[in-house]
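Examination of the molecular architecture
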Amino acid sequence: MRDLTYDNITERIIQAYDGTEDARLKHLLTLLIGKLHEFAKEAELSQGEWLTAVEFLRRAGDISDAQRNEFILLSDLFGLSSLVDLIAGRQAADATEPSLLGPFHVDGTPERANGADLICGNDGARIVVGGGITSTDGGAVADARLEIWQNAANGRYVNEDPEQPTDNLRCTLRAGDDGRYCFSTVKPVPYRVPGDGPGGELVRAGGRDTWRPAHIHVRITAPGHRPLVTEIFDTTDPYLESDAVFGVRESLAVPFDRTPTDAELSRHPDIERPFNMVDVDFVLAPT
Ligand SMILES: [Fe+2]
């Protein structure tokens, strides 16, 4: 290929990947090469700007490890993660809206009984989160597993804080056959996404801030249904409108301060008073 020109380069590079056997991969590569070239041409990207971008990505790799993935943060900060969630949401109309997985999910958190108490020694306002899991087909979803993870009163997740006990404020719950689930915990708090790497540079360059509104992460899997990854937000959180990573959806913000009924108070005799109720129902789409 010795006759590359400004005008033919995109077509020629796409042709070079013509032998890609996987049809979906070939489609993605063709689109990606086309859009990348279109971006560079429209921006009249300079060699210096190209080098800056490549170095930016190299530093994102350098700061990433098994506990931290700077590329997920960059995807979040560019709104790409939320766009992918919204695309998934379009394919599962009427189901609960998906939201960010984030960088702190781990597989295989310990399984706890439905109704588990995650409060343990954690500081913070006590809440009981509960509701039902149903299908867009109608009816309760049986045998659903909920993975839950959130931050502690100091704003940090157990993954990034060696001072917290193992698996603090995270677990896997199995909902009842009636689709009901419940757990008690402390209110999560707003926190800043990591600002010491390329993600932080991007936020500062854009005149933005690194705050996220408080949230509880939830991942639900159930036989015969699409997995759901989403987040639950408090309607009174001051950062709902300015979430650094664009994860908030109107339907995912719920009151965190409902007063428990007498029946609910007697159902949770072991939770120190006062506590509040958080009602969250989930709707899954069949596969
Ligand atoms: Fe989070």
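Residues numbered from 1 in each chain as written. Predicted model: local features only at pLDDT ≥ 70, side-chain atom pairs only at ≥ 80, totals over all residues.

Those residues of helix α4 (residues 70-77) not exposed but buried are E70, I72, L73, D76 and L77. In an axial view of α4, the angular spread of the buried residues amounts to 155°, which keeps them on one side of the axis. On its buried side, α4 packs onto α3 (47-63), α5 (80-90) and α6 (198-205). With its phi angle positive at about 80°, G79 sits one or two positions after the end of α4. (Buried ≥ 20, exposed ≤ 12 C-beta atoms within 10 Å, placed from the backbone. Helix = DSSP H or I, 4+ residues; strand = E, 2+ residues; numbered from the N terminus. Arc of directions from axis to C-beta. Contact = placed C-beta atoms within 7 Å.)

Counting residues in each nonpolar core, the largest one holds 34 residues, and the members touching the most others are I133, A144, L146, I148, I220 and L284. Of all elements in the fold, only β2 (126-135), β3 (145-149), β5 (180-186), β8 (215-221), β9 (228-234) and β12 (282-284) reach the threshold of two or more residues within this core. Sort the elements by how many residues they give to this core and β2 lands first, with four residues. Look past the residues within four positions of I133 in its chain and what remains in contact with it is A140, V141, A144, A175, G179, Y181, I220, F282 and L284. Formed by nine residues, the second largest nonpolar core is a distinct cluster that contains L77, V203, A244 and F246. (Core = buried A, V, L, I, M, F, W, Y, C linked by C-beta atoms within 7 Å.)

For the rest of this paragraph, the subject is the environment of A125. Turning to its location among the elements, A125 is positioned in the loop between β1 (111-112) and β2. For the pair A125 and F256, spaced 131 residues apart in sequence, the C-alpha to C-alpha distance is 9.9 Å. A125 has contacts with V186 and K187, leaving out every residue within four places of it along the chain.

The strand order across the open sheet built from six strands is β1-β4-β3-β8-β9-β10, with neighbouring strands paired in mixed fashion. The strands lining the two open edges of the sheet, one partner per strand, are β1 and β10 (253-254). Examined bridge by bridge, β3 and β8 share five bridges and lie antiparallel to one another. Each bridged residue has a counterpart across the sheet, and for I148 the counterpart in β8 is V218. (Pairing = 2+ DSSP bridges.)

Per the domain assignment, the segments making up the protein are domain 1 (1-45) and domain 2 (80-284). The distance between the C-alpha centroids of domain 1 and domain 2 comes to 41 Å. (Domains from an automatic or database assignment.)

Every buried residue belonging to α5 is among S81, S82 and D85, and all of these are buried. Projection of α5 onto a plane perpendicular to its axis shows the buried side chains occupying an angular sector of 95°, all on one side. Across from the buried face of α5, at angles greater than 90 degrees, the exposed residues are L83, I87 and R90. Buried positions along α5 lie against α4.

Moving on: the packing of α4 against α6. For the pair α4 and α6, interaxial distance at closest approach is 9 Å and the crossing angle is 20°. If you check the angle between α4 and α6, you find them roughly parallel. Facing α4, whose interface residues are E70, L73, L74 and L77, α6 presents P198, G199, L202 and V203. (Axes fitted to C-alpha atoms, helices over the stretch in contact; angles between N-to-C directions. Parallel < 35°, antiparallel > 145°, perpendicular 65-115°, else oblique.)

Another point: the environment of A116. By the element assignment, A116 lies in the loop between β1 and β2. When the C-alpha positions of A116 and T261 are compared, they lie 19 Å apart, and in sequence the two are 145 residues distant. Excluding residues within four positions of it along the chain, A116 makes contact with C171, L173 and F183.

Quick look at the environment of A60 now. Considering the arrangement of structural elements, one finds A60 in helix α3. Residue classification places A60 among the partly exposed residues on the basis of 19 C-beta atoms within 10 Å. Sequence separation between A60 and I72 is twelve residues, and the spatial gap between their C-alpha atoms is 10.0 Å. Those residues in contact with A60 that lie beyond four places of it in its chain are E70, F71, L74, G197 and P198.

Interaxial distance between helix α1 (residues 9-16) and helix α2 (residues 23-43) falls to 10 Å at its minimum, and their mutual angle equals 155°. Put simply, α1 runs roughly antiparallel to α2. The way α1 lies across α2 gives a crossing that is right-handed. In this structure, α1 contributes I9, T10, I13 and I14 to the contact, and α2 contributes T30, I33, G34 and H37. Each residue belonging to the contact of α1 with α2 can be placed in one class, and the counts come to four nonpolar, four polar and no charged. (Left-handed = near helix turned anticlockwise from the far one by under 90°. Nonpolar A, V, L, I, M, F, W, Y, C, P; charged D, E, K, R; others polar.)

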